[in-house]
Amino acid sequence: MIRRAHVRDVRAIKTLVDAYQEEGVLLPRTLNDLYGHLRDFFVVVHEGQIQGCVALEVVWEDLAEIRTLVVSHEARGHGYGEALILVSMEEALRLEIPRVFGLTMIPEFFTNLGFEIVPKETLPQKVWNVCVNCPKFTDCHEVAVAMTTKAWAAQRDKIGVSPDAIAAAFVG
């Protein structure tokens with residue numbers, strides 16, 4: 001089940017984030033940051049345990065970012081990451097945000113879902129408001145990926161995934 005995150009989920013999200021941060025594939029997130037952005041988060045719950053999460057953060061009137069996409073090591077390979085992207089893209093459509101991007105160390109995951117690799121310079125709101133303050137700014141290995149919600153809707157319809165089916169998988 002995928003649902004919106006609750007306050008009681010924050011420590012489990014932090015545990016997931018910390019595991020990937022220690023591996024160097026995710027930037028650290030403080031508890032304060034997670035609580036402050038709680039409304040952006042969706043979680044995958046399986047057998048009562050948080051197995052993954054994603055945040056969709058509105059960056060500007062025409063742009064949102066998929067952030068903190070994490071699936072526990074034990075739950076990888078079950079489609080949870082893809083499901084979290086589907087829910088994020090549907091949320092962006094609901095909010096009428098035309099373009100969604102992510103910064104990732106695994107661009108092929110996103111390109112397999114229809115995202116395109118884009119120059120970071122096409123994301124000035126992110127680069128000059130957030131990235132410039134990152135300690136890894138001058139040595140960043142993340143790749144920018146983006147997709148319009150219009151392209152997402154067309155792709156979703158082409159492969160036969162209905163918004164109702166996605167909504168049915170999303171409870172809460």
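Our subject is the structure that appears above.
Keep in mind that this is a model prediction, so the values were computed, not measured. (Residues numbered from 1 in each chain as written. Predicted model: local features only at pLDDT ≥ 70, side-chain atom pairs only at ≥ 80, totals over all residues. Heavy atoms only, no water.)

**Q** So what's going on with the overall build of the protein? Residues and values would help.
**A** The number of helices and strands found in the protein is seven helices and seven strands. Order of helices (α) and strands (β) in the protein, N terminus to C terminus: β-α-α-β-β-β-α-β-α-β-α-β-α-α. (Helix = DSSP H or I, 4+ residues; strand = E, 2+ residues; numbered from the N terminus.)

**Q** Which residues make up helix α1 (residues 10-22), and what values go with them?
**A** Residues lying three or four places apart along an α-helix face the same way, a consequence of the helix completing one turn every 3.6 residues. Its 13 residues give α1 an end-to-end C-alpha distance of 18 Å, which sits within 8% of 18 Å, the value for a rise of 1.5 Å per residue. For α1, the complete set of buried residues consists of Val10, Ile13, Lys14, Leu16, Val17 and Tyr20. Taken down its axis, α1 places every buried residue within 165 degrees of arc, on the same side. More than 90 degrees from the buried face of α1, the exposed residues found are Arg11, Thr15 and Glu22. On its buried side, α1 packs onto α2 (31-36), β2 (41-46), β3 (49-60) and β4 (63-71). Taken from the residues just after α1, glycine 24 is the one with a positive phi, measuring 85 degrees. (Expected span 1.5 Å × (residues − 1). Buried < 20%, exposed > 50% of the residue type's maximum accessible area, 1.4 Å probe, protein only. Arc of directions from axis to C-beta. Contact = heavy atoms within 4.5 Å.)

**Q** Give me the lowdown on the packing of aromatic side chains, citing residues and values where you can.
**A** Per the counting criterion, the structure on display carries two aromatic pairs. Arranged with centres 5.5 Å apart and planes meeting at 90 degrees, the rings of phenylalanine 109 and phenylalanine 110 form a pair that is edge-to-face. Assessed through its relative accessible area of 27%, phenylalanine 109 is described here as partly exposed. Residue class for phenylalanine 110 comes out buried when judged on its relative accessible area of 6%. When the centroid spacing of 5.3 Å and the interplanar angle of 85 degrees are considered together, the rings of phenylalanine 110 and phenylalanine 115 count as edge-to-face. Counting every residue linked through ring pairs, the aromatic cluster contains Phe109, Phe110 and Phe115. (Phe/Tyr/Trp six-rings, centres within 6.5 Å; stacked < 30°, edge-to-face > 60°.)

**Q** Summarise the nonpolar core; cite the residues concerned and give the values.
**A** Ile66, Leu84, Ile85, Met89, Val100 and Phe115 are the most contacted members of the largest nonpolar core, which totals 24 residues. Every element with two or more residues in this core is listed here: β2, β3, β4, α3 (80-94) and β7 (143-148). Listed in part, the 16 residues of the second largest apolar core include Ala5, Val43, Val45 and Val70. (Core = buried A, V, L, I, M, F, W, Y, C linked by side-chain atoms within 4.5 Å.)

Shape descriptors only; they carry no functional weight alone.
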